[in-house]
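Close look at the chain arrangement
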Amino acid sequence: MENVSADTLFTLSGLNFTLEQRITLFFLTLLWYIMILLGNIAIIVAIIVDKNLQEPMYIFLCNLCFNALYGTAGFYPKFLLDLLTSHVISYAGCMLQGFVIHSSVCGDFSILALMAYDRYVAICRPLVYHSVMTKQRISIFVLFSWLLPLYCMFMNTATLLGSRLCGSHINRIYCVNWMITTLTCSPPKANAAVSYFNVLFYFGIFVFIFWSYLYLIRTAISSKEKRGKFMQTCLPHLISLITFTTTVLLDLLYMRFGSLDLSQNLNNFMAMEFLLIPPAMNPFIYGFKLTKIRNKFLNLVYIKRKDVKE
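Since we're looking at a predicted model, the values are computed, not measured.

**Things to note about the side chain of serine 110**
As for its position among the elements, serine 110 is in helix 4 (residues 91–124). When its relative accessible area of 8% is taken as the criterion, serine 110 is described as buried.

The structure is reproduced here in structure tokens:
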């Protein structure tokens, strides 16, 4: 039994590599993280700078990219440091990392729900779109899309604070609240209650998103004009939703029911995939598919080439 303090250290698993392998993985991970940063920052800057892109759909997309930067900041810097040093983390650092990663995942679902609602109103109720999606309402939506996941995960993390630990080894490449719970001598009932509430709450949000896109698909099939609008503006959201939901679901299923017989590399990939694929893929999906954003970048490239020639 261990008394918990800020100096308590957890050992993480998954980095049993040689020095050469660690250095190679460090540079590959660093390049991937730089790509995530550049891709998401480019989308954010394009939307902020161009007044033509300051519409509800693009404002929500901007927040999705901000959330990607927030979530990946909770993983990549620490992971890169671990590749060069020992794979340990303090109690406070572990709780913070778990909070950031969990709240980022919930934040993604909140923002994707806003995007689904925005497309539902735009395609199914176009005559009232501007009266429904007012600047004031959008600001409230965005505020709650950040506050809700932060509050839910704060409550989840707070119910673990001070719990006595019967171990200090986390069988994962980074910290998550579920793994910390398994190390407690007596899992707090309050934490279990908050965890189940959060799961049910965000499952409800997922059902809302799923229902919205089913309704949108049904509406798009019945009208050629709406079908074109759906393919242009909803398809990127749908690809992003499917990719993110699949990676998170696989990670959750593996964390709860996974086999210990799987290789270390597969174990690491299953744990990291929602931090690897969606943050890097989303800027390219939206950048190539959404016409206004694609044209913005093409115009920038054209202007730059013109200046170079002159």
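So, next bit.
**Some remarks on the sheet that holds strand 1 (residues 9–12)**
Taking strand neighbours across the sheet as the criterion, the three strands line up as 2-1-3 in an open arrangement whose pairing is mixed. Each edge of the sheet is formed by a strand with only one pairing partner; in this case those strands are strand 2 (88–90) and strand 3 (169–170). Pairing geometry for strand 1 and strand 3, over two bridges, is parallel. By the bridge assignment, leucine 12 is partnered in strand 3 with isoleucine 170.

**Looking at the pattern of salt bridges**
One side chain can pair with another of opposite charge once the charged atoms of both are near each other. Evaluation of the coordinates by the stated rule reveals three salt bridges. Note that aspartate 82 and lysine 78 form a salt bridge whose closest N and O atoms lie 2.4 Å from each other. Placement of the pair is aspartate 82 and lysine 78 together in helix 3 (residues 76–84), with a separation of four residues, close to one helical turn. For the pair shown, aspartate 82 and lysine 78 are each scored as buried. When the shortest N-O distance is used, the salt bridge between arginine 172 and aspartate 251 registers 2.3 Å.

**Quick word on the packing of helix 1 (residues 19–49) against helix 3**
Relative orientation of the contacting elements helix 1 and helix 3 amounts to 165°, with a least axis distance of 9 Å. In terms of orientation, helix 1 and helix 3 fall into the roughly antiparallel class. Note on packing geometry: the crossing formed by helix 1 with helix 3 is left-handed. For the pair helix 1 and helix 3, the contacting residues are Arg22, Leu25, Phe26, Thr29, Leu30, Trp32, Tyr33 and Ile36 in the first and Tyr76, Pro77, Phe79, Leu80, Asp82, Leu83 and Leu84 in the second. Taken together, the residues of the contact of helix 1 with helix 3 break down into twelve nonpolar, one polar and two charged.

**Thoughts on the state of the cysteines**
Each disulfide consists of a covalent bond between the sulfur atoms of two cysteine residues. One pass over the structure, following the stated rule, counts two disulfides. A disulfide bridge connects cysteine 166 with cysteine 185, and the sulfur atoms are separated by 1.9 Å. As the torsion about the S-S bond is roughly 115°, the cysteine 166-cysteine 185 disulfide counts as right-handed. Separated by 19 residues along the polypeptide, cysteine 166 in the loop between helix 6 (135–158) and strand 3 and cysteine 185 in the loop between helix 7 (177–183) and helix 8 (189–221) bring together distant segments of the chain. For cysteine 166, a relative accessible area of 49% corresponds to the partly exposed category. The class for cysteine 185 is partly exposed, based on a relative accessible area of 31%. By sequence-ordered numbering of the bonded cysteines, the chain has its disulfides arranged as 1-3, 2-4. For cysteine 62, which is in no disulfide, the shortest distance to another cysteine sulfur is to cysteine 65 and amounts to 6.8 Å.

Parameters at a glance
Residues numbered from 1 in each chain as written. Predicted model: local features only at pLDDT ≥ 70, side-chain atom pairs only at ≥ 80, totals over all residues. Heavy atoms only, no water. Helix = DSSP H or I, 4+ residues; strand = E, 2+ residues; numbered from the N terminus. Buried < 20%, exposed > 50% of the residue type's maximum accessible area, 1.4 Å probe, protein only. Pairing = 2+ DSSP bridges. Salt bridge = Lys/Arg side-chain N within 4 Å of Asp/Glu carboxyl O. Axes fitted to C-alpha atoms, helices over the stretch in contact; angles between N-to-C directions. Parallel < 35°, antiparallel > 145°, perpendicular 65-115°, else oblique. Left-handed = near helix turned anticlockwise from the far one by under 90°. Contact = heavy atoms within 4.5 Å. Nonpolar A, V, L, I, M, F, W, Y, C, P; charged D, E, K, R; others polar. Disulfide = S-S within 2.5 Å.

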